[in-house]
Amino acid sequence: MTIQKTPNQAPEKTLPIIGSTAYIKVAGIAKIPAKIDTGADSSSIWASNISVNSDSQLEFCLFAPESPLYTGAKIAADEYKVQRVRNSTGDIHIRYRVALPAVIKGKRMRINFTLADRSRNNFPVLLGRKSLNNKFLVDVNKSAVKRPAPMDNTDLAAELAQNPREFHQKYMSK
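## Section: the overall build of the protein
Scanning the protein from terminus to terminus reveals three helices and 11 strands. Taking 16 Å as the expected radius of gyration for a compact globule of 174 residues, we find that the protein reaches 21 Å, considerably beyond that expectation. Once the C-alpha set of the protein is aligned to its principal axes, its extents read approximately 70 × 60 × 30 Å. A buried classification covers 33% of the 174 residues belonging to the protein. By sequence separation, contacts in the protein at least 24 residues apart represent 52% of the contacts at least 6 residues apart. Only carbon and sulfur atoms are counted for the fraction: they give 50% of the accessible area of the protein, which is about 12,100 Å². The distance from the centre of the 26 positive side-chain charges to the centre of the 15 negative ones in the protein is 7 Å.

See below:
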């Protein structure tokens, strides 16, 4: 099937291609590894020391002391919102949301991030589709950030093969 453009249609703009991971800059902090997640609506960034001060400003630090990206600098936001977020396990959390300046592949933008403890995640930033829509094309075959090695599950497989019932009672019926 061929689609013909009518003369009134604007020419298609060429969007930069981004992979499944990227290094980005947020609020002046460069080389932050980010996971691109087109299955997520919103974007999330690791934040700590989150509070609301006496002037009703939202205060927080990006990352936490255990992160090499942590600077300890406090960010104060006059404009912020809250939203319910459903995580990958289906749990609903209430999170603050702020717009922060970011640079992705040389493109300056403001991204709405929810603030979350991402200390257990492989990536301190998750970029969802609302932040990427009409700005980038995603090619999942490309990746700017080297991913951590997958977990070794050979010990679990051996234990399962030895006695599936005991395995289930030990790990799965909690």
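## Quick look at the pattern of salt bridges
The full count for this structure, using the stated rule, is two salt bridges. We note a salt bridge from Lys-170 to Glu-159, for which the minimum N-O separation is 3.1 Å. Of this pair, Lys-170 sits in helix H3 (residues 164–172) while Glu-159 sits in helix H2 (residues 154–162), and the two are 11 residues apart along the sequence. Residue Lys-170 is classed as partly exposed on the basis of its relative accessible area of 44%.

## What about the packing of H2 against H3?
Packing of H2 against H3 leaves a shortest axis separation of 5 Å and a crossing angle of 125°. The orientation of H2 relative to H3 falls into the category oblique. Seen from H2, the contacting residues are Leu-156, Glu-159, Leu-160, Ala-161 and Gln-162; seen from H3, they are Pro-164, Phe-167, Lys-170 and Tyr-171. Residues that form the contact of H2 with H3 fall into these classes: six nonpolar, one polar and two charged.

## Quick word on the pairing of strand S10 (residues 125–128)
Here is the key point about a regular strand: its side chains alternate between the two faces of the sheet. The two faces of S10 match: Val-125 and Leu-127 on one face and Leu-126 and Gly-128 on the other face are all buried. Inspection of the sheet shows strand S4 (residues 43–52) paired to S10 by two bridges, in the antiparallel sense. For Ser-44, the partnering residue across the bridge sits in S10 and is Leu-126.

Basis of the calculations
- Residues numbered from 1 in each chain as written.
- Predicted model: local features only at pLDDT ≥ 70, side-chain atom pairs only at ≥ 80, totals over all residues.
- Heavy atoms only, no water.
- Helix = DSSP H or I, 4+ residues; strand = E, 2+ residues; numbered from the N terminus.
- Rg over C-alpha atoms; globule rule 2.2 N^0.38 Å.
- Buried < 20%, exposed > 50% of the residue type's maximum accessible area, 1.4 Å probe, protein only.
- Contact = heavy atoms within 4.5 Å.
- Areas by Shrake-Rupley, 256 points an atom, 1.4 Å probe, with all protein chains shown as cover.
- Lys, Arg positive; Asp, Glu negative; His and termini not counted.
- Charge placed at Lys NZ, Arg CZ, Asp CG, Glu CD.
- Salt bridge = Lys/Arg side-chain N within 4 Å of Asp/Glu carboxyl O.
- Axes fitted to C-alpha atoms, helices over the stretch in contact; angles between N-to-C directions.
- Parallel < 35°, antiparallel > 145°, perpendicular 65-115°, else oblique.
- Nonpolar A, V, L, I, M, F, W, Y, C, P; charged D, E, K, R; others polar.
- Pairing = 2+ DSSP bridges.

Shape is all these values report; function is a separate question.
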